[in-house]
Amino acid sequence: LTQHDADRYLKAYRDAIDAIGNSSHRQGDGAGSFEDEITAPSISVKLSALHPRYEHAKHERVLAELAPRVLDLAQRAKGYRIGLTVDAEEADRLELSLDVIETALTDASLAGWHGFGIVVQAYQKRAPFVIDWIAALARAQGRRIPVRLVKGAYWDSEVKRAQVEGHPGYPVFTRKPNTDVSYLANARRLLSATDAIYPMFATHNAHTIAAVHRLGMTLRNGTGAKPYEFQKLHGMGDDLYAEVIPADRLDVPCRVYAPVGSHEDLLPYLVRRLLENGANSSFVNRISDE
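As the structure is a prediction and not an experimental result, all values here were calculated from the model.

Student: How should the nonpolar core be read in this particular structure?
Tutor: Note that soluble globular proteins tend to have their nonpolar side chains buried in a common cluster. Leu84, Phe116, Phe201 and Phe230 are the most contacted members of the largest nonpolar core, which has 61 residues in total. Apart from the residues within four sequence positions on either side, phenylalanine 230 is in contact with Phe201, Thr203, Ile209, Val212, His213, Tyr241, Val244, Val252, Pro253, Cys254 and Arg255. Membership of the second largest hydrophobic core comes to 5 residues, among which are Tyr123, Ala153, Tyr154 and Val172.

Student: Help me understand empty space enclosed by the protein in this model?
Tutor: In the structure shown here, the tally under the stated rule is 2 cavities of 30 Å³ or more. A volume near 180 Å³ is recorded for the largest cavity. Together, 19 residues line the largest cavity, and Ala88, Leu94, Ser97, Val119 and Gln121 are the ones closest to its centre. For the lining of the largest cavity, the class distribution of residues is 11 nonpolar, 3 polar and 5 charged. The volume enclosed by the second largest cavity comes to roughly 80 Å³. For the second largest cavity, the lining is made up of 13 residues, of which Ser42, Gly83, Gly115, Pro146 and Arg255 are closest to its centre. Mapped by element, the contributors of at least two residues to the lining of the second largest cavity are helix H2 (34-39), strand E2 (83-86) and strand E5 (197-202). Of the residues in the lining of the second largest cavity, the class split is 7 nonpolar, 4 polar and 2 charged.

Student: Teacher, can you tell me more about the packing of helix H7 (residues 176-191) against helix H8 (residues 206-216) here?
Tutor: Between H7 and H8, whose axes approach to 10 Å, the crossing angle comes to 30°. Classified by the angle their axes make, H7 and H8 are roughly parallel. Between H7 and H8 lies a crossing whose hand is right-handed. Residues Tyr183, Leu184, Ala187, Arg188 and Leu191 of H7 form the contact with H8, whose participating residues are His207, Thr208, Ala211, Val212, Leu215 and Gly216. Classifying every residue of the contact of H7 with H8 gives 7 nonpolar, 3 polar and 1 charged.

Student: Whenever I open this one, the environment of leucine 96 confuses me. Can you help?
Tutor: By secondary structure assignment, the location of leucine 96 is in helix H4 (residues 94-105). In this structure leucine 96 comes out as buried when scored by relative accessible area, which is 1%. Spatially, the C-alpha atoms of leucine 96 and lysine 58 are 9.4 Å apart, while their sequence positions differ by 38 residues. Excluding its chain neighbours within four sequence positions, the residues that come into contact with leucine 96 are Tyr54, Glu55, His56, His59 and Val62.

Student: What should I look at first to understand the pattern of salt bridges in this one?
Tutor: Where charged atoms of side chains with opposite charge meet at close range, the side chains can pair. Across all of its chains, the model carries 19 salt bridges by this definition. As a salt-bridge pair, arginine 14 and aspartate 72 come within 2.9 Å of each other at their nearest N and O atoms. In this pair, arginine 14 is assigned in helix H1 (residues 3-23) and aspartate 72 in helix H3 (residues 59-80), connecting sequence segments 58 residues apart. Each of Glu89, Glu90 and Arg93 takes part in one network of salt bridges that share partners.

Student: What is the right way to look at the environment of histidine 114 in this model?
Tutor: In this structure, histidine 114 sits in the loop between H4 and strand E3 (116-121). A residue is classified by how much of its surface remains accessible, and histidine 114, at 15% relative accessible area, is buried. Not counting the four nearest positions on each side in its chain, histidine 114 is found in contact with Phe34, Glu37, Ile38, Gly142, Arg143, Arg144 and Pro146. Engagement of the side chain of histidine 114 in a polar contact is seen with the backbone nitrogen of arginine 144, the distance being 3.2 Å.

Student: Mind showing me how you'd approach the packing of aromatic side chains here?
Tutor: What characterises a pair of aromatic rings is the spacing of the ring centres plus the angle enclosed by the ring planes. The full count for this structure, using the stated rule, is 6 aromatic pairs. Residues tyrosine 228 and phenylalanine 230 carry aromatic rings whose centres are separated by 5.8 Å and whose planes lie at 85° to one another, so their mutual orientation is edge-to-face. Judged by relative accessible area, tyrosine 228 falls into the buried class, the value being 1%. The rings of Tyr183, Phe201, Tyr228, Phe230 and Tyr241 are connected pair by pair, giving a single aromatic cluster. The cationic tip of arginine 8 hangs over the ring face of tyrosine 9; the distance from NZ or CZ to the ring centre is 4.9 Å. When the ring centre of tyrosine 183 is taken as reference, the NZ or CZ atom of lysine 151 above it lies at 5.4 Å.

Cut-off values and rules
Residues numbered from 1 in each chain as written. Predicted model: local features only at pLDDT ≥ 70, side-chain atom pairs only at ≥ 80, totals over all residues. Heavy atoms only, no water. Core = buried A, V, L, I, M, F, W, Y, C linked by side-chain atoms within 4.5 Å. Buried < 20%, exposed > 50% of the residue type's maximum accessible area, 1.4 Å probe, protein only. Contact = heavy atoms within 4.5 Å. 1 Å grid on protein atoms, 1.4 Å probe; cavity = no way out; pocket = protein on both sides within 12 Å on 5 of 7 lines; lining within 4 Å. Points joined across faces, edges and corners; volume = space filled by probe spheres on them. Nonpolar A, V, L, I, M, F, W, Y, C, P; charged D, E, K, R; others polar. Helix = DSSP H or I, 4+ residues; strand = E, 2+ residues; numbered from the N terminus. Axes fitted to C-alpha atoms, helices over the stretch in contact; angles between N-to-C directions. Parallel < 35°, antiparallel > 145°, perpendicular 65-115°, else oblique. Left-handed = near helix turned anticlockwise from the far one by under 90°. Salt bridge = Lys/Arg side-chain N within 4 Å of Asp/Glu carboxyl O. Polar contact = N/O pair within 3.5 Å; in protein donor to acceptor, adjacent residues only side chain to side chain. Phe/Tyr/Trp six-rings, centres within 6.5 Å; stacked < 30°, edge-to-face > 60°. Lys NZ or Arg CZ within 6 Å of the ring centre and 35° of its normal.

In structure tokens:
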């Protein structure tokens, strides 16, 4: 909310990158192979944590002040040869976020680094076009960009804001089945662009996992290489992923996404997760109902 907050979070992100890099003993010149950087630990960054006026009306100021902060964190992550992923937020910040990402990602100091990731929300109707934009950016830079595909966590506020402002439609799909279909359509889009994108599928939905695995089976080409990964939240879906990770099951790597912070910082995050996964239709909810 304030510049003081933004400065505090910037320091926290820097400290976290140092801790991750040092604990994984990955110090180097930042020039690693694609496989090394993809299998490395990573950190997720929220742009709204790094600037008090991260909004469309402050476009010039945001590019001048926020983009250098993102670049600073990315350079730090590259130095340790770990990954850094820019998280997704509200729909009205989407285009601004892509401008910030492009400004930072295309800086010459990050050349040859494949660790700069981007999150795409499947419930946003613009998701397919964002994926196409990312693929074009990656090809223009001669790099691969990791893309985490999520369902999306701001559904209630997106719907209410569109209603309050009198928009003719919504920026997100308003029914869960539509979002599920959109997720699979965008998964197919990601898997068809693996020359430019490394897909990362964040889901606790058993059907989604099975469908993505089926889509991805044609990509291995007998090499044994795994062209994508799944991601789960720390402490959630452990039983489900016990069926996914083993070599005699689906044999797909899974990254564990763990929120870190104080109680007052994590509470809104946890509430959003409960809203996403607490519905009666949720597989995670129903699998534990004896």
